[in-house]
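Each chain, letter by letter, is given below.
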Amino acid sequence: MPHTESSAKAVEEKPKIGSRDKSVGWYVLSLDSITPKQRDLLENYSKIPYDHVIPSILELRDRAWDIYPFPCVGQFRFIELSLCELPSYPTVLERIKNGGIFVDMGCCFGQDIRKLVHDGAPAINTWGIELAAEFIDLGYELFNDGATLETHMLKADIFDAQVDELSDKVDVIYVGLFLHLFGWDGQKKACQRIVQLLKNEKGVLILGQQIGSVTPHQAPTTAGIQMFKHDASSFEKLWKEVGEATGTEWKVTADLDYGLGIENFKKKWDDSTTRRLVFEVERLR
């Protein structure tokens, strides 16, 4: 087929991640319901009246969309409580209660931190690191705790010098929808940084989720970044390389599933091999 002006225009006008156009596939127009855990957090921690919960979420979502129109915003991932669904959550909660330090890397609105605090974790033992300061501020608004939450919130990149204060001090790091922002080399570098922040001891944990694939590969996204999508085997290989580079050894438990709205291929703007990768990584030595 010859390259025509109309075909070139069609390619040029294809929606890109970062577009504020609300007709894109990753902007969900309405929110009909939320989970019982989300409602409990927003009503009993944030003290939002029952009838105001969903309108509050919608209003803050659209304000966030005007700043960062990405899938995590358009699909309401900022209210997703994914950490508490992991098998190690009771262990994580107990460690923090006993003085362990928890870091949510790329914490977005800080929803998983609020869930920990609501479940009894001392907020003073928790840290949120987020590059978008506006997300931190919107989190304070959504959860009505700007004057009370003792969590340490840092506006920072994982590699920023101000994060150095956490080196060799952290017991658990949560990386939800974060590592897939990098290609293979970038993920390896980020994981080595995570190892640096964790205590130099057996049993420290890295937990998280990210976009994965049944056919692991690296490819550019419409946002202009290189993303490596893992399956369980390639993610384990990544951590083997990280271990070799840092003189450590890690046990990787990872699985692909249809989370993040991928079930039944509802994400028509994505390819059919995409899945969610959920993982727990524990230091063995």
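Note on numbering: residues in each chain are counted from 1, in written sequence order. Whole-chain, interface and lining totals are the exception, using all residues; otherwise, since this is a predicted model, local features are given only for residues with pLDDT of at least 70 and side-chain atom pairs are given and counted only at 80 or more. Water and hydrogen atoms play no part in the side-chain values, which are based on all heavy atoms of the structure.

(A) Quick look at the packing of helix H2 (residues 36-45) against helix H6 (residues 111-118). An axis is simply a line fitted to the C-alpha atoms; with a helix, the fit covers only the stretch in contact. Between two such axes, the angle follows the N-to-C directions and lies from 0 to 180 degrees. By definition, any uninterrupted DSSP run of H or I lasting at least four residues is a helix, any uninterrupted run of E lasting at least two residues is a strand, and each is numbered from the N terminus. Contact geometry for H2 and H6: axes closest at 11 Å, N-to-C directions at 70°. As judged from the angle between their axes, H2 and H6 are roughly perpendicular. Listed contacts from H6 to Lys37, Asp40, Leu41, Asn44 and Tyr45 of H2 are Gln111, Arg114, Lys115, Val117 and His118. Small angles under 35 degrees read as roughly parallel and large ones over 145 as roughly antiparallel, with 65 to 115 read as roughly perpendicular and the rest as oblique. Note on contacts: a residue pair is in contact if any heavy atoms of the two residues lie within 4.5 Å.

(B) Local environment of the nonpolar core. Within this scheme, the nonpolar core is defined by two criteria: the residues are buried Ala, Val, Leu, Ile, Met, Phe, Trp, Tyr or Cys, and they are joined through side-chain atoms within 4.5 Å. Relative accessibility decides the category of a residue: with a 1.4 Å probe and only protein chains considered, values under 20% of the type maximum give buried, values over 50% give exposed, and everything between is partly exposed. Within the largest apolar cluster, 50 residues are counted, with the highest numbers of intra-cluster contacts made by Ile57, Phe102, Phe109, Leu116 and Leu142. Residue assignment for this core shows that the elements contributing at least two residues are H2, helix H3 (53-67), helix H5 (89-97), H6, helix H7 (133-143), strand S4 (172-176) and strand S5 (205-213). With residues up to four places along the chain from it excluded, the contact list for Phe109 reads Leu60, Ala64, Phe78, Arg114, Phe135, Leu138, Gly139, Leu142 and Phe143. With 36 residues, the next largest nonpolar core counts Val103, Met105, Trp239 and Phe279 among its residues.

(C) How the structure looks around the packing of aromatic side chains. A pair of aromatic rings is counted whenever rings of Phe, Tyr or Trp (Trp by its six-membered ring) have centres within 6.5 Å, and the orientation is called stacked for planes under 30 degrees apart, edge-to-face for over 60 and tilted otherwise. Going through the model one piece at a time under the given rule, you end up with 11 aromatic pairs. Relative to Phe143, the ring of Tyr45 lies with its centre 6.4 Å away and its plane at 65°, an arrangement referred to as edge-to-face. Residue Tyr45 is located in helix H2, and its partner Phe143 is located in helix H7; the two are separated by 98 residues in the primary sequence. Across the pair, Phe143 and Tyr45 agree in class, each one buried. Each ring, one from Phe235 and one from Phe279, has its centre 4.5 Å from the other, and the planes form 40°; the classification is tilted. Note that Phe235 is positioned in helix H9 (residues 232-246) and Phe279 in strand S9 (residues 274-283), a separation of 44 residues in sequence. By relative accessible area, Phe279 is classed as buried at 1%.

(D) Inspection of the sheet that holds strand S8 (residues 250-257) at higher detail. DSSP bridges decide pairing: two strands pair if at least two such bridges lie between them. The 7 strands are arranged S3-S2-S1-S4-S5-S9-S8 in an open sheet whose pairing can be described as mixed. Each of the sheet's edge strands pairs with one partner strand only, and the pair in question is strand S3 (152-155) and S8. Averaged over all pairs of adjacent strands, the angle between their axes in this sheet comes to 15°, without regard to strand direction. Direction of pairing for strand S1 (residues 102-105) relative to strand S2 (residues 126-130): parallel, over a ladder of 4 bridges. Of the residues in S2, the one forming a bridge with Val103 is Trp127. Set on the sheet, H6 makes contact with S1, S2, S3 and S4; between it and S1 the angle comes to about 155°. Here H9 sits on the sheet in contact with S5, S8 and S9, set at roughly 155° to S8.

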